[in-house]
Amino acid sequence: MEYFFDDFTEDNYRRLLKVAKENYAFISVEDYRQEHSQKVIINRHDLDSSVHRAAKISAIEKEEGVSSTYFVYLHSSFYNAYEKGIVRLLKDIVSNGHEIGIHYEPWFYGIDIGMDEEFERHLKLERDMLEALLEVQIGAFSFHNPDRGGWTAFSDDTVCGLINMYSGYFKEHYGYCSDSDGHWRYRRLFDVLSEAGDIRLQILTHPEWWTPSVMKPRDRILRCAQGRLNSSMRQHDETMSEMGRVNDK
């Protein structure tokens, strides 16, 4: 497998957007069933590890006149969606013209396929939490690690009024390209966009992979972890200083 690590930079992301705009129109998730007069893209970001990276990508998209949906993961070990600085970044993403979705993890709650009431109860809970936190309306969800627990087989179009990004309709009517694990899992995005063979296309990217310079995937994740560590320690030091407390470094 060829990994194309140098594809995953901010500059190349901008380049890919420019190529995409030559052949496609970007549409909102809510318009996924509508008929269109040209080829269309639904651009989706699952925020597994970095809201900071997501905010940067959202700014690039705003500059390029592109809108996307950012799916927030409430159980990430790399960020806390309720942290003041993270809330500010998520609201920046919204102010850049993008939508928010839920990156949902049923197995976090011990939910298996067929446990419909529990599935819906926790999905509603996360929807309500995010809508209240960010003062937005949420219309879609995506699964986190859908292979785990067999959730790729869950094909319902909607649940609780939320569009399922892994629904049977998407699988049947949309091409798909993903950067999961920091490489092109199925097809290289530049080739997909240049060839423009898909009439409808869903693109999934994870902002943590898209950095200012070329890095290996694990180093990109390490960058996220170190960034969180530095931020936490900076907040601690600032708090101790503001309160005039002893802070033995």
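The paragraphs below set out a description of the structure included in this document.

What counts, and where the lines are drawn
- Residues numbered from 1 in each chain as written.
- Predicted model: local features only at pLDDT ≥ 70, side-chain atom pairs only at ≥ 80, totals over all residues.
- Heavy atoms only, no water.
- Helix = DSSP H or I, 4+ residues; strand = E, 2+ residues; numbered from the N terminus.
- Rg over C-alpha atoms; globule rule 2.2 N^0.38 Å.
- Buried < 20%, exposed > 50% of the residue type's maximum accessible area, 1.4 Å probe, protein only.
- Patch = residues over 30% accessible without salt bridge, like charges linked within 9 Å, V, L, I, M, F, W, Y side chains within 5 Å.
- Areas by Shrake-Rupley, 256 points an atom, 1.4 Å probe, with all protein chains shown as cover.
- Salt bridge = Lys/Arg side-chain N within 4 Å of Asp/Glu carboxyl O.
- Lys, Arg positive; Asp, Glu negative; His and termini not counted.
- Charge placed at Lys NZ, Arg CZ, Asp CG, Glu CD.
- Expected span 1.5 Å × (residues − 1).
- Contact = heavy atoms within 4.5 Å.
- Polar contact = N/O pair within 3.5 Å; in protein donor to acceptor, adjacent residues only side chain to side chain.
- 1 Å grid on protein atoms, 1.4 Å probe; cavity = no way out; pocket = protein on both sides within 12 Å on 5 of 7 lines; lining within 4 Å.
- Points joined across faces, edges and corners; volume = space filled by probe spheres on them.
- Pairing = 2+ DSSP bridges.
- Right-handed = clockwise from strand over helix to strand, strands pointing away.

Comments concerning the overall build of the protein chain
Now for step 1: Within the protein chain, the secondary structure is distributed over seven helices and nine strands.
Now for step 2: The C-alpha radius of gyration computed for the protein chain amounts to 19 Å, which stays within 12% of the reference 18 Å derived for 249 residues, consistent with globular compactness.
Now for step 3: If you line up the protein chain on its principal axes, its C-alpha atoms span 65 × 45 × 35 Å.
Now for step 4: Within the protein chain, the fraction of its 249 residues that count as buried is 49%.

Concerning a negative patch on the surface
Now for step 1: Taken together, the side chains of Asp-116, Glu-117, Glu-120 and Asp-156 make up a negatively charged region of the molecular surface.
Now for step 2: One can find Asp-116 in helix H4 (residues 116-134).
Now for step 3: According to the relative accessible area criterion, Asp-116 is partly exposed, its value standing at 47%.

Overview of helix H2 (residues 51-63)
Along an α-helix, residues three or four positions apart point the same way, because every turn accommodates 3.6 residues.
Now for step 1: With 13 residues, H2 extends 18 Å from end C-alpha to end C-alpha; this agrees with the ideal 18 Å at 1.5 Å per step.
Now for step 2: Packing partners of the buried residues in H2 comprise helix H1 (10-23), strand E2 (40-47), strand E3 (69-72), helix H3 (84-95) and helix H7 (217-242).
Now for step 3: Looking at where H2 begins, the residue whose side-chain oxygen comes 3.5 Å from the main-chain nitrogen of His-52 is Ser-50.
Now for step 4: In the stretch just after H2, Gly-65 is the one whose phi turns positive, near 70°.

Things to note about empty space enclosed by the protein
Gaps between atoms show up when a probe of the same size as a water molecule is rolled over them.
Now for step 1: Per the stated rule, a full pass over the model turns up one cavity of 30 Å³ or more.
Now for step 2: Its boundaries defined by the atoms lining it, the largest cavity holds a volume of some 50 Å³.
Now for step 3: Listed by contribution, the elements that provide at least two residues to the lining of the largest cavity are H1, helix H6 (189-195) and strand E9 (200-205).
Now for step 4: Broken down by element, the lining of the largest cavity gets its largest block of residues, four residues, from H1.

So, the pairing of strand E4 (residues 99-104)
The side chains of a regular strand alternate between both faces of the sheet.
Now for step 1: Within E4, five of the six residues are buried, which leaves the element mostly enclosed by the surrounding structure.
Now for step 2: Relative to E4, E3 runs parallel, the two sharing four bridges. Looking at E4, one finds that Phe-71 is bridged to Gly-101.
Now for step 3: Handedness of the E4-H4-strand E5 (residues 140-143) crossover: right-handed.

Regarding the pattern of salt bridges
Now for step 1: Taken as a whole and assessed by the stated rule, the structure comprises 14 salt bridges.
Now for step 2: Arg-44 is the salt-bridge partner of Asp-46, the closest N and O atoms lying 2.9 Å from each other. With respect to burial, Asp-46 and Arg-44 carry one shared label: buried.
Now for step 3: Residue Asp-128 is joined to Arg-127 by a salt bridge in which the shortest nitrogen-to-oxygen separation is 3.2 Å.
Now for step 4: Given a relative accessible area of 41%, Asp-128 falls into the partly exposed group.
Now for step 5: The exposure class assigned to Arg-127 is buried, which follows from its relative accessible area of 18%.

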